[in-house]
Amino acid sequence: MKNQDNNYEILIGYAKSMLGYSFEELKRKYIRYPIHLTVYVENNKIEKGIEIRFDNQQGTISCGFDQCDRCNIAYLFFDTQIEKNDFIEYLKKSYNFDFSKNRWLLDNLYLKVRDVKDFFCFSVFQSYRTD
């Protein structure tokens, strides 16, 4: 495997390892990395977010949390369009793609391209999710 493929696998591993952890647990787990923390409060509803930067892999992972304060989805962002395209090529050769659900199968997880306005990212989530 070439070095960039290893970087992609490392990023996927980080994303997998974040699922199921709480906001506080992830803060402690990744304290040695650049971290952006957000807490948004409106009408007694609290939304938390963590973005963790992985310089060696040229990517960032952002975590979404459920009502129990557990990470239920991890979003992968790359620095350049070239990196995004290369990552898709890596996924195509390394994992099975479910055409009916438009996502890759990674063991018991899924990875899906998310297109949001002017950018896209990749989401990693448990297989029990419906999207």
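Note that the coordinates shown come from a computational prediction; the quantities given were computed from them, not determined experimentally. Starting from 1, residues in each chain are numbered consecutively following that chain's sequence as written. Residue-level local features of this predicted model are given only where pLDDT is at least 70; pairs of side-chain atoms are given and counted only at 80 or more, and the full residue set underlies all totals for whole chains, interfaces and linings. Only heavy atoms go into the side-chain values, all of them from the structure, while hydrogens and water stay out.

Engineer: What is the right way to read the nonpolar core from this model?
Structural biologist: As a rule of thumb, soluble globular proteins bury nonpolar side chains together. Formed by 31 residues in total, the largest nonpolar core has its most connected members in Met18, Ile61, Phe87 and Leu91. Looking at this core, the element that brings in the most residues is helix α1 (residues 3–18), giving 6 residues. Contact between two residues is taken to exist if any of their heavy atoms lie within 4.5 Å; hydrogens are not considered. Sequence-distant contacts of Met18, defined by excluding residues within four places in its chain, comprise Leu26, Tyr30, Ile52, Phe54, Ile61, Cys63 and Cys71. Joining through side-chain atoms within 4.5 Å is the link that ties buried Ala, Val, Leu, Ile, Met, Phe, Trp, Tyr and Cys residues into a set, and such a set is a nonpolar core. Exposure is judged per residue with a 1.4 Å probe applied to protein chains only, and the accessible area is read against the type maximum: over 50% gives exposed, under 20% gives buried, and values in between give partly exposed. Runs of E in the DSSP output that reach at least two residues are strands. Runs of H or I that reach at least four are helices, and both are numbered from the N terminus.

Engineer: Help me understand the environment of Lys29, please; the structure alone is not making it clear to me.
Structural biologist: Here Lys29 shows up in helix α2 (residues 23–29). Distance in space between the C-alpha atoms of Lys29 and Leu111 is 23 Å, their sequence separation being 82 residues. Those residues within four positions of Lys29 in sequence are excluded, and the remaining contacts are Ser17 and Tyr21. The term polar contact refers here to a pair of N or O atoms within 3.5 Å; inside protein, the definition further demands a hydrogen-donor-capable atom paired with an acceptor-capable atom, and it admits residues adjacent in sequence only when both atoms are side-chain atoms. A polar side-chain atom of Lys29 sits 3.1 Å from the main-chain carbonyl oxygen of Ser17.

Engineer: Help me out: how do you make sense of a nonpolar patch on the surface in this one?
Structural biologist: A grouping of Val39, Val41 and Ile46 is seen on the molecular surface, where their side chains present a nonpolar patch of about 290 Å² in accessible area. Tracing the sequence through the fold places Val41 in strand β1 (residues 35–42). For patch detection, residues must exceed 30% relative accessible area and be free of salt bridges, and they are connected within 9 Å for like charges or within 5 Å for nonpolar side chains (Val, Leu, Ile, Met, Phe, Trp, Tyr). Per-residue and other accessible areas follow the Shrake-Rupley method at a 1.4 Å probe size, with only the shown protein chains counted as cover for residues. Whenever Lys or Arg places a side-chain nitrogen within 4 Å of a carboxyl oxygen from Asp or Glu, that contact is recorded as a salt bridge.

Engineer: Explanation requested: the pattern of salt bridges in the structure shown.
Structural biologist: Between side chains of opposite charge, a pair can form as their charged atoms come close. One pass over the full model with this rule turns up 8 salt bridges. With its nearest N and O atoms 3.2 Å apart, the salt bridge here joins Lys16 to Asp107. Residue Lys16 is located in helix α1, and its partner Asp107 is located in the loop between β6 (103–106) and β7 (109–116); the two are separated by 91 residues in the primary sequence. Note that Arg53 and Asp79 form a salt bridge whose closest N and O atoms lie 2.8 Å from each other. One end of the pair, Arg53, is in strand β2 (residues 45–54); the other, Asp79, is in the loop between β4 (71–78) and α3 (81–94), with 26 residues separating them in the sequence. Bridged by salt links that share partners, the residues Arg53, Asp55 and Asp79 form one connected network.

No statement about biological role is implied by the geometric values presented.
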